[in-house]
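Structure assessment
For reference, the chains in residue letters:
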Amino acid sequence: MGEEVKRTRYSHAQRQDYRRKVQLCLDVFETMLAQSSFEFERPLTGMEIECNLVDADYQPAMSNKHVLAAIADPAYQTELGLYNIEFNVPPRALPGRTAIELEAEVRASLNAAESKAHTDGAHIVMIGILPTLMPEHLHEGWMSDSTRYRALNDSIFIARGEDIQIDIDGPEPLSLNSATIAPESACTSMQLHLQVSPADFANNWNAAQVLAGPQLALGANSPYFFGHQLWAETRIELFAQATDTRPDELKAQGVRPRVWFGERWITSIFDLFEENVRYFPSLLPEVSDEDPMAELAAGRTPQLSELRLHNGTVYRWNRPVYDVVNGRPHLRVENRVLPAGPTVVDMIANSAFYYGMLRALSEEDRPLWTKMSFAAAHANFLEAAKSGMAANLYWPGAGQVAIDDLVLRQLLPMADEGLRRWGATAEVRDRFLGIIEGRAKSGRNGATWQVATVRKLQEGGMTRPQALAEMLRRYCEHMHANEPVHTWE
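Under an unreviewed UniProt entry, the name given to the protein is Glutamate--cysteine ligase, and the organism recorded is Mycobacterium shimoidei. UniProt annotates the protein under Catalytic activity (unreviewed entry) with the comment "L-cysteine + L-glutamate + ATP = gamma-L-glutamyl-L-cysteine + ADP + phosphate + H(+)".

What follows is the structure, encoded as structure tokens:
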């Protein structure tokens, strides 16, 4: 959910004070990168899974407050929409059988949460966009009770000065106006974290940007929004448009969007934080009492609250994270590319592929990003979001290549080698990379299965809303069986 805030409106003086404070935090952060001891000797990974709630008819259930009270586990928190919750998986190291143990742990936790949610008449669904969500569900009474969410909504519209326009192309193009950021709540993702050293951050972030296109093509799971078939991973474009603070005139001037792939390869994590401060005005200008310069001079670790809060309102698909745990600072790459679902085993396979590829790409003698333009990586990302398993991506040395060919011939061997370097067992590598291989060979991921199932149901006589609900019912059966999506009928 992000850090809570105290108010929804801010004065000019508060905004000026925040601008001064966030710049001070940035200066202190630069000093820390040169002088401080960051925690990274035992790299940890983390995962967050955003979920949807549905009722017995597989329609959105606006009941996260009651469901969370029933679950009664601090690992589960609210998200933007009343039909959303988030599950935070405790951090862990990668070596050995960690991934297999993680699969069992996540399944057990979600099954327990599902049982408790069901007593309140709700079911938990892991999917990129809830296919039964319709405009009438987001007219009113859709937002979770949070000052942060209200403040974000107000700040985006104050900056924008007009309603948000959603225009998404695809097989069934969609165009609509929204007077709130409600469409953003439709976008539910899986976020992957990797703790890294300051010296290794740039290589890992650059590698994550290179990987974003293939990663998204394999994992696409959001083909429907408001009943329209749009992109294979519609969530990418919907999230970008639903949080856009720019009216058309600022877009024409080249002002950068807050949902951002970026525009260049980096040499330091500082590049990203400095860009955030330079390009993006504050949305939540909350000022803390901390003097970060005094904290650093006293030998303590500053929280840099203003810099962290500002960073949380710039929605990079690979986001830099500064955090403090037990008095020691650390840095993380937060990967926000993937949608939630379809199953726990699919999500663990996605994460194994990501961490393996990241290790292999970041340690190459001549890194891949020195052989391709940043614009090519961004183009791959958009093509993957639009086309999913049908995407053709640019890859150095291969030119334009189909995703199945790229994964089977080049990426899977790299991912296997990367996981081996992490110390993952052969059992882990075979199980989870075998699922990625199965997806590439079958051409089936969550998005292709959803579209094919809805098409077949409509051919059998169902209306689109009926077909979407029935597809989601079948999806949930497969999700609970934990069968990899490429094996679904």
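Let's pick the thread back up.
As for the pairing of strand β3 (residues 84-92)
Two elements, strand β1 (residues 45-54) and β3, share 7 bridges in a ladder whose sense is antiparallel. Across the sheet, residue glutamate 48 finds its bridge partner in β3, namely asparagine 88. As judged from the 3 bridges shared by strand β2 (residues 76-78) and β3, these two strands associate in the antiparallel manner. Opposite glutamine 77, over in β3, you have glutamate 86 as the bridge partner. A loop of 5 residues connects β2 with β3, the two strands running antiparallel in sequence.

Observations concerning the nonpolar core
One finds Phe353 and Phe432 to be the most contacted residues of the largest nonpolar core, which totals 165 residues. Per-element accounting of this core gives the leading share, 13 residues, to helix α11 (residues 344-362). Not counting residues up to four positions away in its chain, the partners in contact with phenylalanine 353 are Leu211, Leu218, Leu411, Leu412, Ala415, Leu433 and Ile436.

Quick word on the side chain of glutamate 290
Mapped onto the elements of the fold, glutamate 290 is located in the loop between α8 (269-279) and α9 (292-297). For the buried glutamate 290, no salt bridge is present, and the opposite-charge side chain at shortest range is lysine 21, 6.1 Å distant. There is a polar contact of 3.1 Å between the side chain of glutamate 290 and the backbone nitrogen of leucine 304.

Considering unusual backbone geometry
Cis rather than trans, the peptide bond between glycine 341 and proline 342 has omega equal to -5°. With respect to the helices, strands and loops of the structure, proline 342 is situated in the loop between β13 (328-339) and α11. One non-glycine residue, phenylalanine 226, adopts positive backbone phi at about 50°. Within the fold, phenylalanine 226 resides in the loop between β8 (224-225) and β9 (228-229). The phi dihedral of leucine 304 falls on the positive side, at around 50°, and the residue is not glycine. You can see leucine 304 is positioned in the loop between α9 and α10 (305-311). Among the residues examined, leucine 304 registers a relative accessible area of 0% and is labelled buried.

Some details on the packing of aromatic side chains
Applying the stated criterion to the full structure yields 18 aromatic pairs. Taken together, a centroid distance of 4.8 Å and an interplanar angle of 70° make the contact between tryptophan 265 and phenylalanine 374 edge-to-face. Note that tryptophan 265 is positioned in the loop between β10 (259-260) and α8 and phenylalanine 374 in helix α12 (residues 374-387), a separation of 109 residues in sequence. Overall, phenylalanine 374 belongs to the buried group, its relative accessible area being 8%. Measuring from centroid to centroid gives 6.2 Å for tryptophan 449 and tyrosine 475, while their planes differ by 55°, and the two rings are tilted. With tryptophan 449 in helix α15 (residues 446-459) and tyrosine 475 in helix α16 (residues 464-481), the pair connects residues that are 26 residues apart, well separated along the chain. Owing to a relative accessible area of 0%, tyrosine 475 belongs among the buried residues under this scheme. Taken together, the ring pairs connect Trp205, Phe239, Phe261, Trp265, Tyr315, Trp317, Phe374 and Phe381 into an aromatic cluster. Over the face of the ring belonging to tyrosine 279 we find arginine 256, whose NZ or CZ atom lies 3.6 Å from the ring centre. Seen from the ring of tryptophan 422, arginine 359 lies directly overhead, with NZ or CZ sitting 4.5 Å from the centre.

Regarding the pattern of salt bridges
Side chains that differ in charge, positive against negative, can pair when their charged atoms come close. Per the stated rule, a full pass over the model turns up 32 salt bridges. Salt-bridge contacts for arginine 332 lead to aspartate 323; the nearest nitrogen and oxygen are separated by 3.3 Å. Through salt bridges with shared partners, one network takes in Arg359, Glu363, Glu417, Arg420 and Arg421.

Digging into the side chain of arginine 235
As for its placement among the helices and strands, arginine 235 is situated in helix α6 (residues 234-242). Looking at arginine 235, the relative accessible area reads 2%, which means it is buried. Side-chain polar atoms of arginine 235 contact the side chain of glutamate 233, separated by 2.9 Å. When sequence neighbours within four positions are dropped, the list of residues in contact with arginine 235 reads Gly128, Ile129, Cys187, Thr188, Ser189, Ser222, Trp317, Arg336, Val337, Leu338 and Pro339.

Here's the deal with the pairing of strand β15 (residues 399-402)
In the case of a regular strand, side chains alternate between the two sheet surfaces. Relative to β15, strand β14 (residues 392-395) is paired through 4 bridges, and the arrangement is antiparallel. Considered in β15, the bridge of tyrosine 394 is made with glutamine 400.

As for the packing of helix α1 (residues 12-35) against α8
Relative orientation of the contacting elements α1 and α8 amounts to 175°, with a least axis distance of 11 Å. By the angle class used here, α1 and α8 are roughly antiparallel. Side by side, α1 and α8 meet where Val22, Gln23, Leu26, Phe29, Glu30 and Leu33 of the first sit next to Ile269, Phe270, Phe273, Glu274 and Val277 of the second. When the residues that make up the contact of α1 with α8 are grouped by side-chain class, the tally is 8 nonpolar, 1 polar and 2 charged.

Thoughts on the environment of leucine 218
Residue position: leucine 218 is located in helix α5 (residues 198-219). When the C-alpha positions of leucine 218 and arginine 444 are compared, they lie 8.5 Å apart, and in sequence the two are 226 residues distant. Leaving out residues up to four positions away in the same chain, leucine 218 has contacts with Phe353, Met389, Val407, Ile436, Arg439 and Asn445.

Notes on the packing of α5 against α11
At a minimum axis separation of 9 Å, α5 and α11 run at an interaxial angle of 145°. Crossing of α5 against α11: the hand is right-handed. Between α5 and α11, the residues in contact are Asn203, Asn204, Ala207, Ala208, Val210, Leu211, Gln215, Leu218 and Gly219 and Asn350, Phe353, Tyr354, Met357, Leu358, Leu361 and Ser362, respectively. In terms of residue class, the contact of α5 with α11 is built from 10 nonpolar, 6 polar and no charged.

Re the environment of aspartate 416
Tracing the backbone shows aspartate 416 in helix α13 (residues 403-422). The exposure class assigned to aspartate 416 is partly exposed, which follows from its relative accessible area of 27%. For the pair formed by aspartate 416 and leucine 211, sequence separation is 205 residues and the distance between their alpha carbons is 15 Å. Setting aside residues no more than four positions away along its own chain, aspartate 416 makes contact with Arg429 and Leu433.

Rules used throughout
Residues numbered from 1 in each chain as written. Predicted model: local features only at pLDDT ≥ 70, side-chain atom pairs only at ≥ 80, totals over all residues. Heavy atoms only, no water. UniProt positions renumbered as here; feature names shortened; annotations may be inferred. Pairing = 2+ DSSP bridges. Helix = DSSP H or I, 4+ residues; strand = E, 2+ residues; numbered from the N terminus. Core = buried A, V, L, I, M, F, W, Y, C linked by side-chain atoms within 4.5 Å. Buried < 20%, exposed > 50% of the residue type's maximum accessible area, 1.4 Å probe, protein only. Contact = heavy atoms within 4.5 Å. Lys, Arg positive; Asp, Glu negative; His and termini not counted. Salt bridge = Lys/Arg side-chain N within 4 Å of Asp/Glu carboxyl O. Polar contact = N/O pair within 3.5 Å; in protein donor to acceptor, adjacent residues only side chain to side chain. Phe/Tyr/Trp six-rings, centres within 6.5 Å; stacked < 30°, edge-to-face > 60°. Lys NZ or Arg CZ within 6 Å of the ring centre and 35° of its normal. Axes fitted to C-alpha atoms, helices over the stretch in contact; angles between N-to-C directions. Parallel < 35°, antiparallel > 145°, perpendicular 65-115°, else oblique. Nonpolar A, V, L, I, M, F, W, Y, C, P; charged D, E, K, R; others polar. Left-handed = near helix turned anticlockwise from the far one by under 90°.

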